Amino acid sequence: MLKEIIARNNITIHGKGNKSMLFVHGYGCDQNMWRFITPQFKDDYQIILIDLVGSGKSDENAYDYDKYSSLEGYADDIVEICDVLNLKEVNLIGHSVSAMIGVLAALKTPSVFEKLIMIGPSPRYINDADYLGGFSQKDIDELLEILDSNYLGWSSTMAPVIMGNADRPELAEELEHSFCQSNPEIAKHFAKVTFLGDNRSDLDKLTTETLILQCSLDAIASIEVGQYVHNHISNSKFVILDATGHCPHLSAPNQTIAAIKRYL
Amino acid sequence: MMSTLKTKYNPTMSHLDYEELYNTSPCGYFCSLPDGTIIDSNTRFLEFINYEREEVIQKKKLTDLLSVGGKIYFETVYSQILKLGGVVEEINFDFIKKDGTRLPVLINSVEIKDTEGHHLFTQSTVFNISQRKEYERELLISKRKADDLSNELIATNKKLRNSSSLILKQKLQLEEFNHHLENKNKQLLDFAHIASHNLRAPVNNLDSLLGFYNESTDIDDKAMLFTKFEIVIGHLTETLNELIESVKIQEDVNIRHGPVVFDVIFDKTAAILEGQILESKAVVTSNFSKAPAIEYPKLYLESIMLNLLSNSIRYRSPDRILKIHFCTEINTNEVTLIATDNGLGIDLKKYGHKLFGLSNTFHKHSDSKGVGLFMTKTQIEAVGGSITVESEVDKGATFKIIFKKNLS
């Protein structure tokens with residue numbers, strides 16, 4: 001069971017400490033995205049890195065289109081991971097869509113989670129009446145078209161190598177430079193689930209202490225959306241980072257580290 | 001422009017004008033800060049997007065040239081890969097030109113860092129892929145069609161496999177049915193054989209009587225012979241009716257099962273035979289407590305009990321008081337009905353092998369017709385049971401009927 005789940009989510013564990021930090025990447029990437037952040041925490045925390053099923057080097061065969069047709073499926077995986085690894089007082093750091101996956105997991109088993117740290121969260125990307133998520137259905141359709149035209153080396157030669165199914169040492173270097181690859185069909189499905197979902201009603205139920213890290217200029221999750229998340233989570237703190245883009249842990253790692261350290 | 005280039009690349013000149021090369025290359029070049037702001041570009045790039053230099057440099061970010069969907073892809077995929085690996089290649093975006101029209105491009109980007117590894121700026125190359133994109137679009141449509149077709153094939157294949165297994169099932173059913181028919185055919189053949197054999201004797205008898213009748217001239221003799229005709233025809237009719245009855249049983253395989261209580265059927269049977277029981281002074285007892293009831297065709301059980309009880313009475317010993325006992329036993333899979341008497345018994349060494357055949361009689365008894373046990377066996381086997389007998393001459397007989405266990 002433990003072995004299966006470790007393989008399913010490509011779980012890697014390092015660092016020392018009684019408390020743990022569970023890092024969950026968002027849409028489009030994998031656990032590599034935390035590489036500028038984790039060295040600063042590994043002396044005080046057990047660092048758990050995972051790839052969501054269907055992303056990175058997770059077990060593609062475990063991708064069940066029904067299970068992962070909503071974020072609940074991913075949240076169940078998080079709960080399961082904490083259970084089999086016997087994690088307690090978990091600090092979950094979730095980027096983008098995984099901030100919402102973290103909310104769902106914390107609602108399922110509140111006692112497991114000490115704190116939630118959200119980076120660029122959005123409970124809903126599509127505009128709805130007074131709520132401004134920032135996007136329309138048409139925008140998401142266009143994203144799916146772009147995904148179709150960017151297979152990103154997902155050819156019949158590279159795919160098995162990326163999936164770890166082929167022993168091809170001559171491709172190792174190429175592999176070294178391939179980040180955030182995923183099966184295009186799964187990537188499209190995950191994009192739909194991510195960008196067409198609505199988790200606004202879940203925010204009000206959350207009681208776990210939460211930090212919201214928001215970039216000052218983020219095309220995916222605007223300050224208004226970050227503020228909305230803050231307003232609807234009773235026990236939350238809202239910090240705006242002087243950084244642009246959707247990934248401050250990549251573009252402004254030092255600021256991100258400092259903000260997390262202050263909070264923890 | 002071309003004339004200028006020719007001059008510049010004149011092999012007699014020792015020095016190439018790199019700025020001219022930069023600006024007129026068939027691909028666009030631009031340089032951007034880590035936050036995406038474009039700080040320099042070549043002329044070709046500006047031509048691609050239809051903007052003036054002053055409108056772009058230090059004023060626009062790469063994302064300003066993208067559609068909303070493109071911006072999402074830029075933030076969630078392109079910039080993450082670039083940050084992590086320092087290079088991202090062959091990304092297809094649509095640039096939104098100044099007039100709002102679109103230009104499909106392919107972008108390669110590389111991070112330029114200082115000696116300490118700090119990201120200074122990003123260099124990008126842009127290729128116009130309008131024609132290739134058309135082709136790609138057609139390929140994509142073909143791929144989707146192929147995928148649809150493949151899914152259709154899979155569905156058809158599944159349907160075929162389903163009907164194949166259905167056909168296999170039907171084949172097995174047919175084989176079973178065929179087997180059943182073969183059995184029935186054999187039974188009928190046996191029956192025809194026995195019937196013709198058994199009917200020949202009385203017919204021959206009638207034939208002889210007819211001969212006597214025709215030859216006789218005496219009126220009294222003729223009247224006596226005629227009464228004999230009546231008797232033989234009566235027997236013949238009776239035999240024929242019984243044969244017809246036994247065929248009906250063989251055909252009635254699907255007769256309805258229902259809960260039947262042994263006590264009830266036994267009491268009914270004893271009542272039908274009350275006259276003979278009284279006349280024979282038989283002591284008839286029963287105990288069905290071990291298996292009081294069974295799922296079985298009621299008519300069959302009635303017929304079976306009637307046959308067994310009447311046989312016991314008919315073949316009683318004149319030397320002792322007749323005792324008949326009916327009871328049931330239960331095993332893991334079966335219910336057994338046991339009928340025991342202390343009558344004449346049967347010489348099983350002599351007759352055992354044909355005890356249950358049609359028209360076999362083992363007693364020189366006046367009303368033995370040899371049809372009862374054949375019918376009983378047929379009725380029992382028609383619903384998947386069996387009948388056995390244990391007997392010793394002049395001690396009695398025990399019939400055991402094993403039913404499939406279907407207790408209600």
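None of the values given here were measured: they were computed from a predicted structure.

Q: Any details on the overall build of chain B? Residues and values, ideally.
A: Along its length, chain B carries twelve helices and twelve strands. Within chain B, the proportion of its 408 residues that are buried is 23%. Summarising the internal contacts of chain B: among those between residues at least 6 apart in sequence, 57% fall at separations of at least 24.

Q: An account of the sheet that holds strand E4 (residues 102-113) of chain B is requested, with residue identities and associated values reported.
A: Residues and elements named next belong to chain B. The strand order across the open sheet formed by five strands is E2-E1-E5-E4-E3, and the pairing between neighbours is antiparallel. Each edge of the open sheet is held by one strand with a lone partner, namely strand E2 (38-41) and strand E3 (87-96). The average angle at which neighbouring strand axes cross in this sheet is 30°, direction not considered. Summarising the sheet, E3 and E4 pair through eight bridges and their orientation is antiparallel. When the bridges of E4 are listed, Val 87 appears paired with Val 110. Packing of helix H5 (residues 68-85) onto the sheet brings it into contact with E3 and E4, and relative to E3 it is tilted by some 160°.

Q: Quick rundown of the packing of helix H8 (residues 262-272) of chain B against helix H10 (residues 298-314) of chain B? Include the residues and the values.
A: All names here are of chain B. Viewed as axis vectors pointing N to C, H8 and H10 meet at an angle of 50°, and their least axial separation amounts to 9 Å. Put simply, H8 runs oblique to H10. In the crossing of H8 with H10, the sense of the turn from one axis to the other is right-handed. Between H8 and H10, the contacting residues are Ile 265, Phe 266, Lys 268, Thr 269 and Ile 272 on the first element and Leu 301, Glu 302, Met 305, Leu 306 and Leu 309 on the second.

Q: I'd like a rundown of the nonpolar core, residues and numbers included.
A: Core analysis: the largest hydrophobic core is formed by 96 residues, its most contacted members being A:Ile101 and A:Met118. Apart from the residues lying within four places of it in its own chain, the contact partners of A:Ile101 are A:Val24, A:Leu71, A:Tyr74, A:Ala75, A:Ile78 and A:Gly94. Core analysis: the second largest hydrophobic core is formed by 26 residues, B:Phe288, B:Tyr300, B:Ile304 and B:Met305 among them.

Q: Can you break down the packing of helix H2 (residues 71-84) of chain A against helix H3 (residues 97-108) of chain A residue by residue, with the values?
A: Residues and elements named next belong to chain A. Contact pair H2 / H3: the axes reach a minimum separation of 8 Å and the direction vectors enclose 60°. Overall, the two elements H2 and H3 adopt an arrangement that is oblique. By crossing handedness, the relation of H2 to H3 is classed as right-handed. Contacts between H2 and H3 involve Leu 71, Glu 72, Tyr 74, Ala 75, Ile 78 and Val 79 from the former and Met 100, Ile 101, Leu 104, Ala 105 and Lys 108 from the latter.

Q: Mind laying out the sheet that holds strand E5 (residues 113-119) of chain A, listing which residues take part and the relevant values?
A: Residue and element names in this part refer to chain A. With mixed pairing, seven strands are arranged side by side in an open sheet as E1-E3-E2-E4-E5-E6-E7. Edge positions in the open sheet fall to strand E1 (12-14) and strand E7 (236-244), since each of these has one partner strand only. Adjacent strand axes in the sheet meet at a mean angle of 20°, parallel and antiparallel pairs treated alike. Relative to strand E3 (residues 46-50), strand E2 (residues 20-24) runs parallel, the two being bridged by five bridges. What sits directly across from Met 21, in E3, is Ile 47. H3 contacts E2, strand E4 (90-95) and E5 of the sheet and is inclined by roughly 145° relative to E4.

Q: Residue-level account of unusual backbone geometry, with values.
A: Despite not being glycine, A:Asn86 has its phi angle at roughly 55°, a positive value. Within the secondary structure, A:Asn86 sits in the loop between H2 and E4. Even without being glycine, B:Asp394 reaches a positive phi, approximately 65°. Its place among the elements puts B:Asp394 in the loop between strand E11 (386-392) and strand E12 (396-404).

Q: Run through the pairing of E7(A), naming residues and quoting values.
A: All names here are of chain A. Inspection of the sheet shows strand E6 (residues 209-217) paired to E7 by seven bridges, in the parallel sense. Bridged to Leu 217 within E7 is Thr 244. Taken together, E6, helix H9 (residues 223-232) and E7 form a β-α-β motif whose crossover is right-handed.

Q: Explain the pairing of strand E8 (residues 293-296) of chain B to me, using residue names and the numbers behind them.
A: Residue and element names in this part refer to chain B. In E8, alternate side chains face the same way, and those of Ile 294 and Tyr 296 are buried while those of Ala 293 and Glu 295 on the opposite face are not. Sheet analysis places strand E6 (residues 258-261) next to E8, joined by four bridges and oriented antiparallel. Note on E8: the bridge partner recorded for Val 261 is Ala 293.

What counts as what
- Residues numbered from 1 in each chain as written.
- Chains lettered and ligands numbered in written order.
- Predicted model: local features only at pLDDT ≥ 70, side-chain atom pairs only at ≥ 80, totals over all residues.
- Helix = DSSP H or I, 4+ residues; strand = E, 2+ residues; numbered from the N terminus.
- Buried ≥ 20, exposed ≤ 12 C-beta atoms within 10 Å, placed from the backbone.
- Contact = placed C-beta atoms within 7 Å.
- Pairing = 2+ DSSP bridges.
- Axes fitted to C-alpha atoms, helices over the stretch in contact; angles between N-to-C directions.
- Parallel < 35°, antiparallel > 145°, perpendicular 65-115°, else oblique.
- Left-handed = near helix turned anticlockwise from the far one by under 90°.
- Core = buried A, V, L, I, M, F, W, Y, C linked by C-beta atoms within 7 Å.
- Right-handed = clockwise from strand over helix to strand, strands pointing away.

As far as function goes, none of this settles anything; it's purely spatial.
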